[in-house]
Amino acid sequence: MSIGIGLIGTGWIGEQHVHRLANVVSGARVVAVSDIDAESAGKVAASVGARVVDSAEALIEDPEVEAVVVTSWGPAHAEQVLACISAGKPVFCEKPLITEIADGQRILKAEQAAGRRLVQVGFMRRYDAGYRQMKRVLDSGEIGAPLMAHCVHRNPNVREAYTTEMAAKDTAVHEVDSLRWLLGEEFTSVQTILPRKTSKRFPHLQDPQIFLFETASGARVDVEAFVNCQYGYDIQCEIVGEDGAVRLPDPAGPVVRKAGRASAEVLQEFGDRFADAFDVELQEWVDRLIAGQEPTGPTSWDGFAATVVVDAAVRSLHSGGIVPIDLPPRPDFYA
Ligand code: NAP
């Protein structure tokens, strides 16, 4: 048995997901794609023998499309996800689920009215082997109650269109979701701290930035986002508990000993670092669909909460102060 998938947005990640669904994930068929750029849609469709559909709306209504993947640009996600819910079709939406808080409330309401979980949000780190090992250690209680988390998110460089606000909205948002999931609690406040700027990139950009979060239990999470670090794509995470600490493993690779030094490669591309996680993420989503079960991945609530948190981080970027994070109570539907 296989599921007919329609994908909206054949840009960078959309094209990757099409090939992943067609060639790596078992049980999926890409039957249709759509993009506002018809040429891009045509090229990607031809590479996997799918049809091009004129609009996102037509793709969602297409009878051959049993489930939808949304990889268009962020501001289009909310309406496309709402259309999937109203058509009763499961939807995997790349982050961000929403760019406006009010749209999040609409999605939460519509999904609860539908009476079953239809939405999964693309926070792929939850499918990375190292993060999953950390989660097992934390859930076992082995290191006791978590007190602190130290996170590092470094990219070698970014393009000129990257803005200062994107450090929270596009970069640290991954740490926000990962740490909410690892710690199993919500963030309650944030302060954005601005170190001296690197001179190695664009003058318009405040880089690096540090986000200091507090959680409901009083734990502290610091996240360094440094997107022009020059040397590679480097993700670090350590959680310190009352009885011990757990650290995210580096990706496995050989250590070369030569001329009095031992050295290991640092990956350059985030796509290489999380390629396996993307594969597992889509495979597990498809497996649940085939079994006729609701998805178990990040929910609409997780997508909503992540945007509320990073919005507060952006407000702190501009004010310099500690900004409370005002999340409404989580509906039982998302427990
Ligand atoms: P991208 O290359 O710009 O691709 C977006 C595509 O969607 C473009 O082809 C764009 O067309 C098209 N599009 C825009 N509005 C549309 C609409 N209303 N209907 C249909 N198609 C539309 O961007 P990307 O890097 O692939 O990112 C896409 C999404 O994935 C973003 O939300 C991004 O945050 C997310 N993402 C997530 C991860 C992750 O780590 N999970 C990694 C990368 C990206 P035009 O180019 O003509 O506007």
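Cut-off values and rules
Residues numbered from 1 in each chain as written. Predicted model: local features only at pLDDT ≥ 70, side-chain atom pairs only at ≥ 80, totals over all residues. Heavy atoms only, no water. Domains from an automatic or database assignment. Contact = heavy atoms within 4.5 Å. Buried area = accessible area lost by both parts, 1.4 Å probe. Salt bridge = Lys/Arg side-chain N within 4 Å of Asp/Glu carboxyl O. Polar contact = N/O pair within 3.5 Å; in protein donor to acceptor, adjacent residues only side chain to side chain. Helix = DSSP H or I, 4+ residues; strand = E, 2+ residues; numbered from the N terminus. Pairing = 2+ DSSP bridges. Axes fitted to C-alpha atoms, helices over the stretch in contact; angles between N-to-C directions. Near = heavy atom within 4 Å. Areas by Shrake-Rupley, 256 points an atom, 1.4 Å probe, with all protein chains shown as cover. Core = buried A, V, L, I, M, F, W, Y, C linked by side-chain atoms within 4.5 Å. Buried < 20%, exposed > 50% of the residue type's maximum accessible area, 1.4 Å probe, protein only.

## Re the domain arrangement of the protein
Reasoning step 1: Per the domain assignment, the segments of the protein are domain 1 (3–122) and domain 2 (126–268 + 306–334).
Reasoning step 2: A straight line from the C-alpha centre of domain 1 to that of domain 2 covers 28 Å.
Reasoning step 3: Each partner contributes to the interface: domain 1 provides 11 residues, whereas domain 2 provides 11 residues.
Reasoning step 4: For the domain 1 and domain 2 pair, buried surface summed over both sides reaches about 920 Å², with 61% attributable to carbon and sulfur atoms.
Reasoning step 5: The largest contributions to the domain 1 side of the interface with domain 2 come from Lys95, Ile101 and Gln112, which together make up 49% of the buried area.
Reasoning step 6: The interface formed by domain 1 and domain 2 contains one salt bridge.
Reasoning step 7: Linking domain 1 to domain 2 there are three residue pairs in polar contact (both at pLDDT 80 or more).
Reasoning step 8: Top contributing element to the side of domain 1 that touches domain 2 by residue count: helix H5 (residues 101–114), with five residues.

## Thoughts on the sheet that holds strand S8 (residues 187–193)
Reasoning step 1: Sheet architecture is open: seven strands sit in the order S12-S11-S7-S10-S9-S8-S15, paired in mixed fashion. Among the strands making up the open sheet, the edge pair consists of strand S12 (245–247) and strand S15 (323–324).
Reasoning step 2: Strand direction decides the pairing type here: S8 and S15, joined by two bridges, are antiparallel. Along S15, the bridge assignment pairs valine 190 with valine 323.
Reasoning step 3: Running at roughly 150° to strand S7 (residues 146–154), helix H7 (residues 166–183) makes contact with S7, S8, strand S9 (209–215), strand S10 (220–226) and strand S11 (234–241) of the sheet.

## Digging into the site of the ligand
Reasoning step 1: In the vicinity of the ligand there are 23 residues, among which Trp12, Ile13, Asp35, Glu94 and Lys95 approach most closely.
Reasoning step 2: A distance of 2.7 Å is found between an oxygen atom of the ligand and a side-chain nitrogen or oxygen belonging to aspartate 35.
Reasoning step 3: In the environment of the ligand, a nitrogen atom lies 3.3 Å from a nitrogen or oxygen atom belonging to the side chain of glutamine 80.
Reasoning step 4: Alone, the ligand offers 900 Å² of accessible surface; in the complex the protein occludes 73% of this.
Reasoning step 5: Every element with two or more residues in the shell around the ligand is listed here: helix H1 (12–23) and helix H4 (74–87).
Reasoning step 6: The element that contributes the greatest number of residues to the shell around the ligand is H4, accounting for four residues.

## Details of the nonpolar core
Reasoning step 1: Counting residues in hydrophobic clusters, the biggest one holds 77 residues, and the most contacted among them are Leu179 and Ile239.
Reasoning step 2: Not counting the four nearest positions on each side in its chain, leucine 179 is found in contact with Ala149, Cys151, Gly184, Phe187, Val221, Cys237 and Ile239.
Reasoning step 3: Judged by nonpolar contacts, the second largest core, of 21 residues, contains Val18, Leu21, Val33 and Val44.

## Structural notes on the pattern of salt bridges
Reasoning step 1: On inspection of all chains with the given rule, the structure shows 21 salt bridges.
Reasoning step 2: In this structure, arginine 20 engages aspartate 279 in a salt bridge whose closest nitrogen and oxygen atoms are separated by 2.7 Å. With a gap of 259 residues between them, arginine 20 in helix H1 and aspartate 279 in helix H9 (residues 275–290) connect regions that are remote in the sequence.
Reasoning step 3: With a closest N to O distance of 2.8 Å, aspartate 103 and arginine 106 form a salt bridge. Placement of both aspartate 103 and arginine 106 in helix H5 is noted, with a separation of three residues, approximately one turn of the helix.

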